[in-house]
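Listed below, chain by chain, are the residues.
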Amino acid sequence: MLKNIDESKNSMIRATIVLKPSRETSLKRRHLWVFSGAVAQVEGKPEVGDLVRVVTCQHEEIALGLYEGDSIFVRILTFTPDLFTSEEDLFRERLNAAYRLRLALGLIRSDNNVYRLVYGEGDGLPGLIIDVYGSTAVLQAHTVGMYRRRTLIAHILQGDFPEFGIKAVFDKSVMTLPETMDFATVNSYLVGEAIEEPLFENGLRIAADWLHGQKTGFFIDQRENRALVAQYAKDKHVLNLFSYTGGFSLYALKGGAAKVVSLDSSKRATEAAAQAVNDNFEEAIAARHDTVTEDAFEYLSGLTKGTYDLMIVDPPAFAKRRGNIRNALSGYRKLNALALEKVASQGFVFTFSCSQLVSLQDFRLALLTASLDAQRPIRILRQLGQAPCHPINIYHPETEYLKGFLLYVE
């Protein structure tokens, strides 16, 4: 059980993790996780979240990381222990590097003030997510180690880098921390307070609700895919399934869609989508948009074939645990079979899986089966993925989670 959670800025190395013979191979390939099966012994008595040293069976030091003691035993912070001076310096360097990447991507500008600043292992900070909404940074810790350092991170964001423009940092870690914790947490502002300001993605004003909404408040990872929808939407009748606050719908209208329907099972989400449309478009264009609050499977089952020329199928993760993969694939197959069956001939379907545990190959196979079930031939026009502010760490394949396809339906 976890006790005495502290937030010291420079945790001392509290233990040494000794690996079994030949189990350092993945670390020498710069994979960021040490699994419990690779551990021979623990020298010391670390608490969850402590900084620990990782050594080979010959006691060769190869990494420093944050101790978890679970299936993922340690998450690596650095493979160059000799260059490590302090946690504060490491976090400052990694945050600065993350910012420089987003700057190089051209994401930080007046008409686009929403982006992911830190994507966990993709930015060398495993277990940490930071999304930026204007002058507010929303932090999510997925590990106790990162949660213990949340105040340090917040103060670096707000105080050390004025170019970030961060005035408030909100911690939204309650739903992302491990269930095994035995201390209470609460979502709250670590720095500053709520700021009312317009939020823009590629010139479109978006609705982000980090207090009550899903994830950190918006699905930033679909930015480029939303822009692609705009390219195909002209004069189309568009159905945006699992619409949330209507991100894809805004781009479809921007692209000249004749009609757009945002469907979600949440009334709060469809109301937010309707408001977002009204915030972005004059009355004549906003009139082309409708909302439906209903279950997607039920709606598709009762739909007349050919009502929509373009569909976006972007469900929540169907597999959050390895034991759910089979059921998840069955869900993707059934959902996409319904969409393929009902979309108009010569129509387009943008379909996605955000389940990291579902492989690209398995998702593609589910689509093949869906095509056969619906008796609708399909062709893949594009393979789609996560936005570049969610960079994939080539040494850590688990960072590639969003997979999608643009399908052409005969």
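On a predicted model such as this, the values are computed, not experimentally measured, just so you know. (Residues numbered from 1 in each chain as written. Predicted model: local features only at pLDDT ≥ 70, side-chain atom pairs only at ≥ 80, totals over all residues. Heavy atoms only, no water.)

## Concerning the overall build of the chain
Within the chain, the regular secondary structure consists of 11 helices and 20 strands. For the chain, the C-alpha radius of gyration of 23 Å lies close to 22 Å, the compact-globule estimate for 410 residues. Oriented by its inertia axes, the alpha-carbon framework of the chain measures out at about 65 × 45 × 40 Å. When the 410 residues of the chain are sorted by exposure, 53% land in the buried category. The long-range fraction of contacts in the chain, counting pairs at least 24 apart against all pairs at least 6 apart in sequence, stands at 66%. Here the chain displays about 18,200 Å² of accessible surface, and carbon together with sulfur accounts for 49% of that area. (Helix = DSSP H or I, 4+ residues; strand = E, 2+ residues; numbered from the N terminus. Rg over C-alpha atoms; globule rule 2.2 N^0.38 Å. Buried < 20%, exposed > 50% of the residue type's maximum accessible area, 1.4 Å probe, protein only. Contact = heavy atoms within 4.5 Å. Areas by Shrake-Rupley, 256 points an atom, 1.4 Å probe, with all protein chains shown as cover.)

## Quick notes on the pattern of salt bridges
Taken as a whole, this structure holds 20 salt bridges when the rule is applied. Two residues, glutamate 87 and arginine 149, come together in a salt bridge whose shortest N-O distance is 2.6 Å. Here the residue glutamate 87 occupies a position in helix α2 (residues 87–104), and arginine 149 occupies one in the loop between α3 (144–148) and α4 (150–160), the gap between them amounting to 62 residues. Each of the salt bridges in this network shares a partner with another, and the network as a whole consists of Glu88, Asp89, Arg92 and Asp160. (Salt bridge = Lys/Arg side-chain N within 4 Å of Asp/Glu carboxyl O.)

## Looking at the nonpolar core
In this structure, Leu95, Leu117, Ile130, Met146, Ile153 and Leu157 are the most contacted members of the largest nonpolar core, which totals 48 residues. For this core, the secondary structure elements donating two or more residues are β5 (61–67), α2, β7 (114–119), β8 (128–133), β9 (136–141), α3, α4 and β10 (168–171). Listed in part, the 30 residues of the second largest apolar core include Val261, Leu303, Val343 and Val409. (Core = buried A, V, L, I, M, F, W, Y, C linked by side-chain atoms within 4.5 Å.)

## What about the layout of surface pockets?
The volume enclosed by the second largest pocket comes to roughly 590 Å³. What lines the second largest pocket is a set of 26 residues, among which Ile206, Ala207, Ala208, Asp209 and Trp210 lie closest to the centre. When its residues are assigned to classes, the lining of the second largest pocket shows 14 nonpolar, 6 polar and 6 charged. (1 Å grid on protein atoms, 1.4 Å probe; cavity = no way out; pocket = protein on both sides within 12 Å on 5 of 7 lines; lining within 4 Å. Points joined across faces, edges and corners; volume = space filled by probe spheres on them. Nonpolar A, V, L, I, M, F, W, Y, C, P; charged D, E, K, R; others polar.)

## What to know about helix α10 (residues 325–342)
Here α10 contains 18 residues, and its C-alpha end-to-end distance of 26 Å stays within 8% of the 26 Å for a straight helix at 1.5 Å per residue. Those residues of α10 not exposed but buried are Ile325, Ala328, Gly331, Tyr332, Leu335, Asn336, Ala337, Leu338, Ala339, Leu340 and Lys342. Looking at the packing, one finds that the buried side of α10 touches α9 (296–301), β17 (310–313), β18 (347–353), α11 (360–374), β19 (378–385) and β20 (403–409). (Expected span 1.5 Å × (residues − 1).)

## With respect to unusual backbone geometry
Despite not being glycine, histidine 59 has its phi angle at roughly 65°, a positive value. If you trace the backbone, histidine 59 turns up in the loop between β4 (51–55) and β5. Its relative accessible area of 45% is what places histidine 59 among the partly exposed residues. At phenylalanine 242, a residue that is not glycine, the phi angle is positive and equals roughly 55°. Mapped onto the elements, phenylalanine 242 comes out in the loop between β14 (237–241) and α6 (247–254).

## Things to note about the sheet that holds β8
With respect to topology, 5 strands assemble into an open sheet ordered β7-β8-β9-β10-β11, the strand pairing being mixed. Of all strands in the sheet, those with a lone pairing partner are β7 and β11 (188–191), marking the two edges. Each strand axis lies, on average, 25° off the axis of its neighbour in the sheet, ignoring direction. When β9 meets β10, the two strands line up parallel, connected through 4 bridges. Across the sheet, residue leucine 139 finds its bridge partner in β10, namely aspartate 171. Each of β7 and β8 touches α2; the most contacted strand, β7, lies at about 140° to it. (Pairing = 2+ DSSP bridges. Axes fitted to C-alpha atoms, helices over the stretch in contact; angles between N-to-C directions.)

## Brief notes about the environment of alanine 168
One can find alanine 168 in strand β10. Spatially, the C-alpha atoms of alanine 168 and arginine 288 are 37 Å apart, while their sequence positions differ by 120 residues.

## Brief notes about the state of the cysteines
Evaluation of the coordinates by the stated rule reveals 0 disulfides. No disulfide involves cysteine 354; its nearest neighbouring cysteine sulfur is the one of cysteine 389, lying 15 Å away. For cysteine 389, a relative accessible area of 0% corresponds to the buried category. (Disulfide = S-S within 2.5 Å.)

## Considering the packing of aromatic side chains
In total, this model carries 14 aromatic pairs according to the counting rule given. Seen in terms of ring centroids, phenylalanine 219 and tyrosine 244 are 5.2 Å apart; in terms of plane orientation they differ by 80°. Their pairing is edge-to-face. Linking phenylalanine 219 in the loop between β13 (204–205) and α5 (223–232) with tyrosine 244 in the loop between β14 and α6, this pair joins segments that are 25 residues apart in sequence. Aromatic ring contacts, followed pair by pair, group Tyr232, Phe348, Phe350 and Tyr408 into a single cluster. A cation over an aromatic ring shows up here: arginine 150 above the ring of tyrosine 147, its NZ or CZ 3.8 Å from the ring centre. Against the face of phenylalanine 248 rests arginine 226, its NZ or CZ located 6.0 Å from the ring centre. (Phe/Tyr/Trp six-rings, centres within 6.5 Å; stacked < 30°, edge-to-face > 60°. Lys NZ or Arg CZ within 6 Å of the ring centre and 35° of its normal.)

## A closer look at the sheet that holds β4
Reading across from one edge, β2-β6-β5-β4-β1-β3 is the order of the 6 strands in this open sheet, with mixed pairing throughout. Whereas interior strands pair on both sides, the edge strands pair on one side only; in this sheet they are β2 (33–35) and β3 (39–44). The mean angle between the axes of side-by-side strands here comes to 35°, regardless of whether they run parallel or antiparallel. With 3 bridges connecting them, β2 and strand β6 (residues 72–78) associate as antiparallel partners. Bridge pairing in β6 links valine 34 to valine 74.

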